[in-house]
Amino acid sequence: MSQSNEGKEQLKEILERQEYQAYEQESQTASQRLLDVITEWVKDLLETWFPNFQVSDSAINGWIYFFGFIGMGLLLFLVIKLVTRLSGEKKLSEKRTFSMTSDFVWSSQKHVQEADARATEGQFSEAARHVFLGMLLDFDKRGLVEAKTWKTNGDYEKELLDSDHRLVADFSLLAKTFDQITYGKRILQKEEYDEFRLRALQWMDEEGRREA
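Note that the structure is predicted; figures quoted are calculated from it, not measured. (Residues numbered from 1 in each chain as written. Predicted model: local features only at pLDDT ≥ 70, side-chain atom pairs only at ≥ 80, totals over all residues. Heavy atoms only, no water.)

A. Highlighting the packing of helix α6 (residues 124-141) against helix α8 (residues 168-182). Contact geometry for α6 and α8: axes closest at 10 Å, N-to-C directions at 135 degrees. Taken as axis vectors, α6 and α8 run oblique relative to one another. In this structure, the crossing between α6 and α8 has a hand that is left-handed. The segment α6 lies against α8, with Ser125, Ala128, Arg129, Phe132, Leu133, Met135, Leu136 and Phe139 engaging Phe171, Leu174, Ala175, Phe178, Ile181 and Thr182. Residues that form the contact of α6 with α8 fall into these classes: 11 nonpolar, two polar and one charged. (Axes fitted to C-alpha atoms, helices over the stretch in contact; angles between N-to-C directions. Helix = DSSP H or I, 4+ residues; strand = E, 2+ residues; numbered from the N terminus. Parallel < 35°, antiparallel > 145°, perpendicular 65-115°, else oblique. Left-handed = near helix turned anticlockwise from the far one by under 90°. Contact = heavy atoms within 4.5 Å. Nonpolar A, V, L, I, M, F, W, Y, C, P; charged D, E, K, R; others polar.)

B. How the structure looks around the nonpolar core. Counting residues in hydrophobic clusters, the biggest one holds 33 residues, and the most contacted among them are Phe132, Met135, Leu136, Phe139, Leu160, Phe171 and Tyr193. The set of elements that each furnish at least two residues to this core consists of α5 (108-120), α6, α7 (153-163), α8 and α9 (190-201). The element contributing the most residues to this core is α6, with 10 residues. The contact partners of leucine 136, leaving out residues within four places of it in the chain, are Thr97, Phe98, Val145, Asn153, Tyr156 and Phe171. (Core = buried A, V, L, I, M, F, W, Y, C linked by side-chain atoms within 4.5 Å. Buried < 20%, exposed > 50% of the residue type's maximum accessible area, 1.4 Å probe, protein only.)

C. Quick peek at α5. Between its first and last C-alpha, α5 extends 19 Å over 13 residues, near the 18 Å set by a 1.5 Å rise per residue. Of the residues making up α5, those classed as buried are Ser108, His111, Val112, Ala115 and Ala119. Here the buried residues of α5 occupy an arc of 100 degrees about the axis, which is enough to place them on one side. Pointing more than 90 degrees away from the buried face of α5 are the exposed residues Gln113 and Thr120. (Expected span 1.5 Å × (residues − 1). Arc of directions from axis to C-beta.)

D. Local environment of a nonpolar patch on the surface. A surface patch of nonpolar side chains, amounting to about 290 Å² of accessible area, comprises Met72, Leu75 and Val79. Here leucine 75 is to be found in helix α3 (residues 57-93). For leucine 75, a relative accessible area of 48% puts it in the partly exposed group. (Patch = residues over 30% accessible without salt bridge, like charges linked within 9 Å, V, L, I, M, F, W, Y side chains within 5 Å. Areas by Shrake-Rupley, 256 points an atom, 1.4 Å probe, with all protein chains shown as cover. Salt bridge = Lys/Arg side-chain N within 4 Å of Asp/Glu carboxyl O.)

E. Region of the structure containing the environment of threonine 101. Inspection of the secondary structure assignment puts threonine 101 in helix α4 (residues 101-105). Overall, the relative accessible area of 62% leaves threonine 101 in the exposed class. In the structure, threonine 101 is positioned 48 residues away from threonine 149 in sequence and 7.7 Å away in space, judged by C-alpha atoms.

F. A look at the pattern of salt bridges. This model, assessed by the stated rule, comprises 13 salt bridges. Across the salt bridge formed by glutamate 126 and arginine 129, the nearest N and O atoms sit 2.9 Å from each other. A residue pair is termed a helical-turn pair when its members lie 3 or 4 positions apart in one helix, as glutamate 126 and arginine 129 do in helix α6 at three residues. Given a relative accessible area of 23%, glutamate 126 falls into the partly exposed group. Each of Asp103, Glu114, Arg118, Glu126 and Arg129 takes part in salt bridges that share partners, so that together they form one network.

Structural data, given as structure tokens:
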């Protein structure tokens, strides 16, 4: 006899054993008892609320199954929403503005100095990244935003809407470029970097802020 047929015979033997049949009957009996308890509870509830309302046990069972399916559907929907939300939060956390601790603890001036050093080496994308971080830390020092390691550029933009809406347009443009060079691997050319640096530093310079 082949191994496949032997497996089928063994399975058939197990299913026909008395203890397995007893377990199946016990499981079915427990399920039926639970259904009976729920049915009786619903029936008592209906009789309390609607004394003159007559309804059969079969109808109540049908309602229980109906609402049970609805409940399972809602539960599945909530689970999917939760998973989607957690996934979205994970993606956002991967796009935090301050991705490294060292970026956060540096001063605004140090970021600008590092940007100048990177630009001298021709690393304009990395230089722009440091300029942007320096600008954010300057905003934090002036109370325009509250810099946190878990925040994204979207969070900072919302804060600027309340603290100084004049900065929002430029910030949005700079933040878009920042995301492109940080997560989209965009390579900036010197002319693009010079414009980026000028636009950012004007908000860090006292005279530039007065003229804006």
